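Notes for the structure review
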Amino acid sequence: MRINAYVLAGDPAWIAESIESYYPYINTLVVSFDEDNLSWGGHPLEVPEALERLRALDPEGKIVELPGKFSAPERFALDCETGQRQQALDLASKDADWVIQLDTDEVLATPERFFLSLKTADAEGFDALHYPSRWWYQRAGRGATKFLERSRRFGKVASDYPGPVAVRAGTTLSHCRQTDAPCYRVDFDTRNTDPAHPADVVVHEAILPDEGVIHLSWLRSAEQMDGKRLSSGHAAQVNMNKRIERWYSAYKRPRITVMLGPLHRHPDFWMRIVDSPISLRSQDWLP
């Protein structure tokens, strides 16, 4: 298969870990960014640093840069995201069979396993790949090598699906990364492990938890977390101040957070403490 990828450049935190996890498998990496260094809602982004790190990760010259004006504070932010992604996906679809659409804070823990699943999805005639991610919340204590991870209610591994992480070239996106195309679904068990989906959702293939995507969105410094209050595309949908206050509390009291989690009904409170299956080199982004 001919595989390309695209990313949206604006968050430099975990770019190295993310891109290096799939760079050898792709032919072209389309890098889309706002040329005014602004988020969809009009807030400053760290685009120059993100671009600098990306260029340093491209020894084979695979990057194709795609600047544009994507900031539109008067519009719903996630509509702007969908438009930016679609433009990048259209360019990445050129001379490709499939396009990877991982964010720069998502890391393939076992790339070989991911691409085996992609080949199976292709062979069986699906047009998109749902591949499970593990959502890391924070370090489990200062200086620790263990991490808080969102789980199911009583500590079992939980999957998360922000949208297909690979689609056939030429796919039309319906909302952010999501599409109405038929999806091949991989999970951490033969039955659904995502609290946001019904228990009887179809699972085509099961993998080990250490073979999934590690989502590092909330694993970063206090300064970066403060920036999320404004720059996040979901800021208008959720109370970011309240969520970040909960983040600080969980970091200070990780084991109490895990113990008290099952008392809450909402999945956002369910946590477990895990060891890292990947190497994190960008330690400056950790508290």
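An account of the accompanying structure is given in this report. (Residues numbered from 1 in each chain as written. Predicted model: local features only at pLDDT ≥ 70, side-chain atom pairs only at ≥ 80, totals over all residues. Heavy atoms only, no water.)

**Points about the pairing of strand 8 (residues 146–150)**
Counted only if it meets this: Think of it in three bands: with a 1.4 Å probe and only protein chains considered, a residue is buried below 20% of the maximum accessible area for its type, exposed above 50%, and partly exposed in between. Only DSSP runs of H or I reaching four residues or more are called helices, and only runs of E reaching two or more are called strands; each is numbered from the N terminus. Strands pair, by our definition, only if DSSP identifies at least two bridges between them.
Counted residue by residue, strand 8 has 4 buried out of 5 residues, so it is predominantly covered. Here 3 bridges tie strand 7 (residues 133–139) to strand 8, and the two strands are oriented antiparallel to one another. Across the sheet, the residue bridging to Arg139 is Phe147, located in strand 8. The sheet contact formed by strand 8 and strand 13 (residues 271–275) spans 5 bridges and is antiparallel. By the bridge assignment, Phe147 is partnered in strand 13 with Val274.

**A few points about the nonpolar core**
Selection rule: The definition of a nonpolar core used throughout is a set of buried Ala, Val, Leu, Ile, Met, Phe, Trp, Tyr and Cys residues joined through side-chain atoms within 4.5 Å. A contact between two residues is defined here by any heavy atoms of the two lying within 4.5 Å.
Among the nonpolar cores identified, the biggest contains 38 residues, and Tyr22, Leu29 and Ile100 are the most heavily contacted of them. Taken together, the elements giving at least two residues each to this core come down to strand 1 (3–8), helix 1 (15–20), strand 2 (29–34), helix 2 (47–56), strand 4 (98–100), helix 4 (111–123) and strand 10 (183–187). Not counting chain neighbours up to four residues away, the residues in contact with Leu29 comprise Ala5, Tyr6, Val7, Ile19, Tyr22, Leu54, Lys62, Ile63 and Val64. In terms of nonpolar packing, the next biggest core, distinct from the first, is built from 17 residues, Val30, Ala77, Cys80 and Ala128 among them.

**A word on the sheet that holds strand 2**
What links the strands of a sheet is backbone hydrogen bonding, and the strands pair in either a parallel or an antiparallel sense. The condition is simple: Fitted lines through C-alpha atoms give the axes, limited to the stretch in contact for helices. The angle between two N-to-C directions lies from 0 to 180 degrees.
Overall, mixed pairing links the 8 strands, which are arranged 3-2-1-4-9-6-10-11 in an open sheet. Since the sheet does not close on itself, it has two edges, and those belong to strand 3 (63–68) and strand 11 (205–206), each with one partner. Each of strand 1, strand 2, strand 3, strand 4 and strand 9 (166–168) is contacted by helix 3 (residues 77–92), which is oriented at about 155° to strand 1, the strand it contacts most. Across the sheet, helix 4 lies against strand 1, strand 4, strand 6 (128–130), strand 9, strand 10 and strand 11, angled at about 145° from strand 4, the strand it touches most.

**Structural notes on the pattern of salt bridges**
Under the convention used in this document: By salt bridge we mean one thing: a side-chain nitrogen of Lys or Arg within 4 Å of a carboxyl oxygen of Asp or Glu.
What the rule picks out here adds up to 22 salt bridges. One salt bridge connects Lys62 with Glu60, and the closest N-O pair in it is separated by 3.7 Å. In this structure Lys62 comes out as buried when scored by relative accessible area, which is 8%. Residue Glu60 is classed as exposed on the basis of its relative accessible area of 56%. As a salt-bridge pair, Glu81 and Arg85 come within 2.8 Å of each other at their nearest N and O atoms. One end of the pair, Glu81, and the other, Arg85, are both in helix 3, 4 residues apart, so they sit about a helical turn from each other. Both residues of the pair, Glu81 and Arg85, belong to the buried class. Residues participating in the shared-partner salt-bridge network are Glu81, Arg85, Asp103, Glu106 and Arg177.

**Concerning a nonpolar patch on the surface**
Under the convention used in this document: Excluding any residue in a salt bridge, patches collect residues exceeding 30% relative accessible area, merging like charges within 9 Å and nonpolar Val, Leu, Ile, Met, Phe, Trp and Tyr side chains within 5 Å. Per-residue and other accessible areas were derived by the Shrake-Rupley procedure at a 1.4 Å probe size, with only the shown protein chains allowed to occlude residues.
Nonpolar side chains collect at one region of the surface, where Ile256, Met259, Leu260 and Leu263 lie side by side and expose about 450 Å² of accessible area between them. Inspection of the secondary structure assignment puts Met259 in helix 7 (residues 254–260).

**So, the side chain of Thr82**
The topology assignment puts Thr82 in helix 3. The class for Thr82 is buried, based on a relative accessible area of 12%.

**Observations regarding the pairing of strand 7**
In terms of residue burial, strand 7 counts as a mostly covered element, since 7 of its 7 residues are buried. Of the strand pairs in this sheet, strand 7 and strand 12 (residues 213–215) are connected by 3 bridges, and their pairing is parallel. Along strand 12, the bridge assignment pairs Trp135 with His215.

In short, shape yes, function no, at least from these values alone.
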